[in-house]
Amino acid sequence: MGQALVEGDEMGWSEGQTRLIEHGRGGLWVRGVAGAGKTTAAVERVRRLLGRGVAGHTVMICTPQRLLSRPYRGFVGGAERVMGSDPQFMTFGRLTQYGVGLYWPWVAEAAGLPTGVQPTFLDAESAQWLMGLVVAPQMAQAGIFQTVKLPRARIYGQVLDNMNKAALVGFDVHTIGERLSRAWSGEVSQLRMYEDVQTAADLFRAYCLETGALDYSLTVELFLRHVWPLPAARAHFEAMARHMIYDNCEEDAPAAHHVFAELVGTCESAVVMLDDEANYRRFLGADEQSAAGVLAEACDESLVLEPYGDVEARRALVGHFAVSFGFERGELPEADPFVGVERLSARLFPDMLDRVAERVAAWVKDDGVPVNEIALVSPYVSDGLLFAMRYRLERMGIETRSLRPSRMLRQEPVVRCLVTLAYLAHPAWGIVPTVEDIGHVLVTVIEGLDPVRAALLASVSRKRFSPFETLVAAMQERVTLALGERYERLRRWVEAYQQGEPIALDHFFSRVYAEVLSRRGFRMHGDFEMAQAVAALVDSAASYRLMMAALPMEVDSAVLYLEGLSSGLLGQRSLSEPDVLEGAGVLIAPAYTFLMANQFVTHQVWLDAGSGGWTERLAQPLAHPYVLSAQWEDGRVWTGIDEGLSAAQGAYRLIAGLLRRCRGTVVLASSEYGEQGMPQQGVLLNAFGRIVRRVAKREGRKTDGV
Amino acid sequence: MTTPRSKRFTQTNLEDYLACAYRYWLAHVQEVRCPAPEVEPLTDWEVQTRRGSRFHRMAEQVVAGVRADLLDPKDDAILAEWWARFKRDAMRGLPTTRYAEVSLSVPFGGLRLAAKLDLLAVEAGKRLVIVDYKTNKKASPKSLRGRLQTQIYRYVVARAGSAFTGGVEVKPEHVEMRYWFAADERPSVRLVYSQAEFEADEAELTALVERLRAQTTFPKTDDVSRCGFCTYRSVCDRGQAGWVEEHDAEPVVGWGGEREGLFGDVE
Ligand code: SF4
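These figures come from a predicted structure and were not determined experimentally.

## Thoughts on the overall build of chain B
Of the regular secondary structure elements, chain B holds 8 helices and 8 strands. Scored against the burial criterion, the 267 residues of chain B give a buried share of 55%. Accessible surface for chain B amounts to roughly 11,400 Å². Of this, 51% is attributable to carbon and sulfur atoms.

## With respect to the site of the ligand
Residue and element names in this part refer to chain B. In the vicinity of the ligand, the contacting residues are Cys20, Tyr22, Arg23, Lys220, Thr221, Arg226, Cys227, Cys230, Tyr232, Arg233, Cys236 and Arg238. Taking a 2 Å distance to the grid points as the criterion, the majority of the atoms of the ligand fall inside the second largest cavity. Elements supplying a minimum of two residues to the shell around the ligand: helix H2 (21-29) and helix H8 (233-236). Broken down by class, the residue content of the shell around the ligand amounts to 6 nonpolar, 1 polar and 5 charged.

## A closer look at helix H6 (residues 124-141) of chain A
All names here are of chain A. With 18 residues, H6 ought to run about 26 Å at 1.5 Å a step, and its terminal C-alpha atoms sit 26 Å apart, in line with that. At Val135, H6 shows its largest kink, close to 40 degrees, and the proline Pro137 lies no more than four residues downstream. When H6 is considered as a whole, its buried residues turn out to be Ala124, Glu125, Ser126, Ala127, Gln128, Trp129, Leu130, Met131, Gly132, Val134, Val135 and Met139.

## A word on the environment of Leu284(A)
Residue and element names in this part refer to chain A. Take Leu284: it is sitting in the loop between strand E8 (269-275) and helix H13 (288-298). We classify Leu284 as buried; its relative accessible area is 13%. Considered as a pair, Leu284 and Ala531 are 247 residues apart in the sequence and their alpha carbons are 33 Å apart.

## Describing the confidence of the model for chain B
All names here are of chain B. Looking at chain B as a whole, its pLDDT mean stands at 88, while 87% of the residues score no less than 70. Below pLDDT 50 for its whole length, residues 251-267 participates in 64 contacts with residues either more than four positions away or in separate chains. Predicted complex, confidence summary: ipTM 0.89, pTM 0.91.

## Topic: the interface of chain A and chain B
Between chain A and chain B, the residue contacts involve 71 residues of the former and 58 residues of the latter. Both faces considered, chain A and chain B share a buried interface measuring about 5,400 Å² in area, 53% of it formed by carbon and sulfur atoms. Considering only the side of chain A, the residues that lose the most area to chain B are Met83(A), Arg519(A) and Phe528(A), jointly responsible for 11% of the buried surface there. There are 5 salt bridges connecting chain A and chain B. Between Asp539(A) and Arg33(B) there is a salt bridge; the shortest N-O distance is 2.8 Å. At the junction of chain A with chain B, the criterion picks out 21 residue pairs in polar contact (both at pLDDT 80 or more). Among the elements that take part in the side of chain A that touches chain B, helix H23 (residues 528-550) of chain A stands out by supplying 10 residues, more than any other.

## Some remarks on the nonpolar core
Phe145(A) and Leu442(A) are the most contacted members of the largest nonpolar core, which has 182 residues in total. When near neighbours in sequence (up to four residues on either side) are disregarded, Phe145(A) contacts Val135(A), Met139(A), Ile155(A), Val159(A), Met193(A), Asp196(A), Val197(A), Ala200(A) and Leu622(A).

## Comments concerning the sheet that holds strand E12 (residues 400-402) of chain A
Residue and element names in this part refer to chain A. Taken in spatial order, the 6 strands make up an open sheet running E10-E17-E16-E11-E15-E12, and their pairing is parallel. Of all strands in the sheet, those bounded by a partner on one side alone are strand E10 (341-346) and E12. With strand direction ignored, the average angle separating the axes of adjacent strands in the sheet is 20 degrees. One ladder, built from 4 bridges, connects strand E11 (residues 374-378) with strand E16 (residues 603-606); its direction is parallel. Bridge assignment links Leu376 to a residue of E16, and that residue is Val605. Its contacts with the sheet place helix H15 (residues 349-366) against E10, E11, strand E15 (586-590), E16 and strand E17 (666-671), and it is angled at close to 145 degrees to E10. In the packing of helix H16 (residues 383-395) onto the sheet, contacts are made with E11, E12 and E15, and the angle to E12 comes to roughly 165 degrees.

## Let's talk about the domain arrangement of chain A
Residue and element names in this part refer to chain A. Each domain of chain A was delimited in the assignment, giving domain 1 (15-97 + 230-304), domain 2 (120-222), domain 3 (341-407 + 579-698) and domain 4 (409-567). Relative to domain 2, the C-alpha centre of domain 1 lies at a distance of 32 Å. Each partner contributes residues to the interface: domain 1 has 11 residues there, and domain 2 has 9 residues. Between domain 1 and domain 2, a total of about 760 Å² is buried, with carbon and sulfur atoms accounting for 67% of that surface. Summed over the shared surface of domain 1 and domain 2, the result is 0 salt bridges. Counting across the interface, domain 1 meets domain 2 through 2 residue pairs in polar contact (both at pLDDT 80 or more). If you list the elements that add at least two residues to the side of domain 1 that touches domain 2, you get helix H4 (92-102) and helix H12 (254-266). Among the elements that make up the side of domain 1 that touches domain 2, the one with the highest residue count is H4 (4 residues). Counted by class, the side of domain 1 that touches domain 2 contains 6 nonpolar, 4 polar and 1 charged residues.

## Looking at empty space enclosed by the protein
Residues and elements named next belong to chain B. Using the criterion set out here, one finds 5 cavities of 30 Å³ or more in the structure. Looking at the second largest cavity, its volume works out to about 90 Å³. Every residue lining the second largest cavity is counted, 13 residues in all, and those nearest its centre are Cys20, Thr221, Cys227, Cys230 and Cys236. Those elements that place two or more of their residues in the lining of the second largest cavity are H2 and H8. The element that contributes the greatest number of residues to the lining of the second largest cavity is H2, accounting for 3 residues.

## Some points on the packing of aromatic side chains
Each pair of aromatic rings is reported with the distance of its centres and the angle of its planes. Residue and element names in this part refer to chain A. Summed over the entire model, instances satisfying the criterion amount to 42 aromatic pairs over all chains. Seen in terms of ring centroids, Trp184 and Tyr194 are 6.2 Å apart; in terms of plane orientation they differ by 85 degrees. Their pairing is edge-to-face. One end of the pair, Trp184, is in the loop between helix H8 (176-182) and helix H9 (189-211); the other, Tyr194, is in helix H9, with 10 residues separating them in the sequence. By relative accessible area, which is 32% here, Trp184 ends up partly exposed. With 5.9 Å between their ring centres and 65 degrees between their planes, Phe508 and Phe509 make a pair best called edge-to-face. Take Phe508 and Phe509: they sit in the same class, and that class is buried. Cluster of aromatic residues (ring-pair linked, three or more members): Phe92, Tyr98, Phe223, Trp228, Phe237, Tyr246 and Phe260. Across the ring face of Phe89, the terminal group of Arg73 is positioned such that the distance to the ring centre comes to 4.3 Å.

## Here's the deal with unusual backbone geometry
Omega for the bond connecting Glu40(B) with Pro41(B) falls within 30 degrees of zero, at -10 degrees, which places this linkage in the cis form. Here Pro41(B) is to be found in the loop between strand E2 (39-40) and helix H3 (42-63). One non-glycine residue, Asp608(A), adopts positive backbone phi at about 60 degrees. In this fold, Asp608(A) is placed in the loop between E16 and helix H27 (640-660). Asp608(A) sits in the buried class, given a relative accessible area of 9%. The phi dihedral of Glu31(B) falls on the positive side, at around 50 degrees, and the residue is not glycine. Mapped onto the fold, Glu31(B) is located in the loop between H2 and E2. Since its relative accessible area comes to 32%, Glu31(B) is described here as partly exposed.

Criteria and thresholds
- Residues numbered from 1 in each chain as written.
- Chains lettered and ligands numbered in written order.
- Predicted model: local features only at pLDDT ≥ 70, side-chain atom pairs only at ≥ 80, totals over all residues.
- Heavy atoms only, no water.
- Helix = DSSP H or I, 4+ residues; strand = E, 2+ residues; numbered from the N terminus.
- Buried < 20%, exposed > 50% of the residue type's maximum accessible area, 1.4 Å probe, protein only.
- Areas by Shrake-Rupley, 256 points an atom, 1.4 Å probe, with all protein chains shown as cover.
- Near = heavy atom within 4 Å.
- 1 Å grid on protein atoms, 1.4 Å probe; cavity = no way out; pocket = protein on both sides within 12 Å on 5 of 7 lines; lining within 4 Å.
- Sits in = over half its atoms within 2 Å of the grid points.
- Nonpolar A, V, L, I, M, F, W, Y, C, P; charged D, E, K, R; others polar.
- Expected span 1.5 Å × (residues − 1).
- Bend = angle between axes of the 7 residues up to and from the residue.
- pLDDT = per-residue confidence, 0-100.
- Contact = heavy atoms within 4.5 Å.
- Buried area = accessible area lost by both parts, 1.4 Å probe.
- Salt bridge = Lys/Arg side-chain N within 4 Å of Asp/Glu carboxyl O.
- Polar contact = N/O pair within 3.5 Å; in protein donor to acceptor, adjacent residues only side chain to side chain.
- Core = buried A, V, L, I, M, F, W, Y, C linked by side-chain atoms within 4.5 Å.
- Pairing = 2+ DSSP bridges.
- Axes fitted to C-alpha atoms, helices over the stretch in contact; angles between N-to-C directions.
- Domains from an automatic or database assignment.
- Points joined across faces, edges and corners; volume = space filled by probe spheres on them.
- Phe/Tyr/Trp six-rings, centres within 6.5 Å; stacked < 30°, edge-to-face > 60°.
- Lys NZ or Arg CZ within 6 Å of the ring centre and 35° of its normal.

Here you go:
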């Protein structure tokens, strides 16, 4: 049941929403599940605050990640807002980096960091890379991580995750290994891995302190220790936050809660909102219990918002899932939970995708549902799944868009091509591209050249660019003079480059793009999609070079960069998510990413509903989101029961979150054999089966199973 | 769509529109990034923009309460010279209530018209001084009055500046734009605003935005000299990059680390 509407409120705000919108001085603590209308009301609150003359630069809008501030940005950037200064958008990450950068002279001095140098802030990718450089000698000499069968990027990523948790939860970074070990009760060999984790963390932290390279964990520590207590800094931040909105606080970690709670305590007004049954970023340290404790305490009043316009059937299904996953919910709702739920099953994975495409086409073409109102979600969206789904839908004339956190630069054909060109242009590096690589360059860049002639040209150039005129006449004829002239332009450019001094790698990419590849006669001419990929490569290589230049590392930056790129340690290209969300098309997204983008749609398809991925926790053998959280009692042992409970809770919250973001139909689509051809025995379908049987029993029916 | 995807009219996108409609369309409507060099030599350009951006950050630090002498750069003689000049006279005669890196905007032409100021110094009911630090030698004092930046900044502050005066009314006569030069000893250029200029700016900016909105095609400029500092040269087949000494762009200020971090994005 939705809340009673306030009489006379022509906008249809509920009583609770009206309280949120019109809240006066002090902090208001608001909680409610997704779909309760918290954010919509908070945007209206911002509108009214600014409308009555509050200066925008004194309003701080805090969210755990940028994507979640999208509804506020939409309003703030719109023409309907009154004139004035702009509100400040803040994430805890931004606040810490801004604060440390702004007050750096004091921070550096107080923390004993090298003074007189600028701080070098490391993003996740650079931190992973640097950790690799610092830890690699130990890996070779002392055999650390010898027993770990994981790609290096994931090893370093998990060590950094642990370091971040130490900063965000508030324990000593030198106790990560001990904490993990104390909670471990399995094979003894795992304890060695935890020791290695600590060794890597210690080495990396020592390196950062010595050089002023600031990864996220060190930035947070410095901020909490040396910026936040500074009176000048505090006054500066308090002036920026006379009025606060803090949305989705459950997706932030304890350190953020403590800092924002102090701002709540000093501001004129604050509305702090928590989504119940969410906490999707737990693996990054998000902690709803901390939020509910620290922030609720900092507020003067509280409010619970009920789902707005919630359908009884959807509520019933969420309740049934709670019971199926082992969480008692008291009396189950009487309503039929299967209203707006469809099952779609097939024997093989491709057949399932065919049927999903047909279902989507029926919504779009027969029922006139806008493409943006449909989302296809799955625990993981592999390249294969994305391509296969896109192909099917686009063949039917249905646009698609995908929301995936990152894509590797090395997967872009244009990037591969530029890397090969860099090797060709720098023979001193001693890396000779293969004939296939050169063929790939030629076919990718030269307009009109087909793979057969590209391969021919590549093979005769014997791993170097040979002049076209040196080719035998028959070969020249086969390639054609026109294409030969394009080949020559590229070849001559490389030859001329080799005559001069080598330049920075990003400058090299930029030049070869500008002077040859984007010119007429080449495929990149006027191809803006390729331009974006090259731009991402140039940015990545430039930021890498500048980072390396700022650090005392005696290494050849360019070759190392290319190695990092091909191993996937470098070049994780961020997609501009808000752009994707503004585009048109059926959305294809990993389920958690969809939830964190807080999208509400009419229809959802749960792809691959039989997969085990719906209930499995992210495999992190070197980290632990529960043990390294503020809620964990240090020294307690993590048991199978804890594991089962956390998996069930995660699965339930995922499913409840998806259901609450669907206004129409949910289709559970599965196949007997999964993407890899393995039989599917997913917990999600089993839980659904139990609901079917439970309802049938209640109604005195027999079931054929699901 | 013909309006900027950012839903804001700014100095940058309107200047691009005036320079070349096609450049405006590529950069601000389609938001196409072109990875070609903006100017040559690339290394000099990089040094110049990084130095300029560091200078702007240092100036922001001072407004946030950091003592200027703690920021004395020891690793860059040119920057040290700029900084000595800054300490000597950049703040001279300015009201003491100061805001750095201020973003203001007003509804305009169906979107918003926005200005991002290096510094706003305020004496409510009397003066609002907009300070813009110029860190390249190219900016000529003479051309500054007619600059779109001057028009937009003064107009936006005259309309929206009361956000910084505690609601006290701001009249155009209270607004002053001050260009301060870091790279040489030129005195600041002070441009005091007036009601007549405010009205003229409003009319001109309105006409400009209406023209832009009515445009259905976005042709390339006929004046190829404008292509020298444009990254879309190869798209348009328009020659080579211009030289850094002739370029008068100012750096973009930020604290680095623009990409998303592991936890919480850094914007
Ligand atoms: S290169 Fe010249 S014509 Fe092309 S967009 Fe730039 S300014 Fe316009």
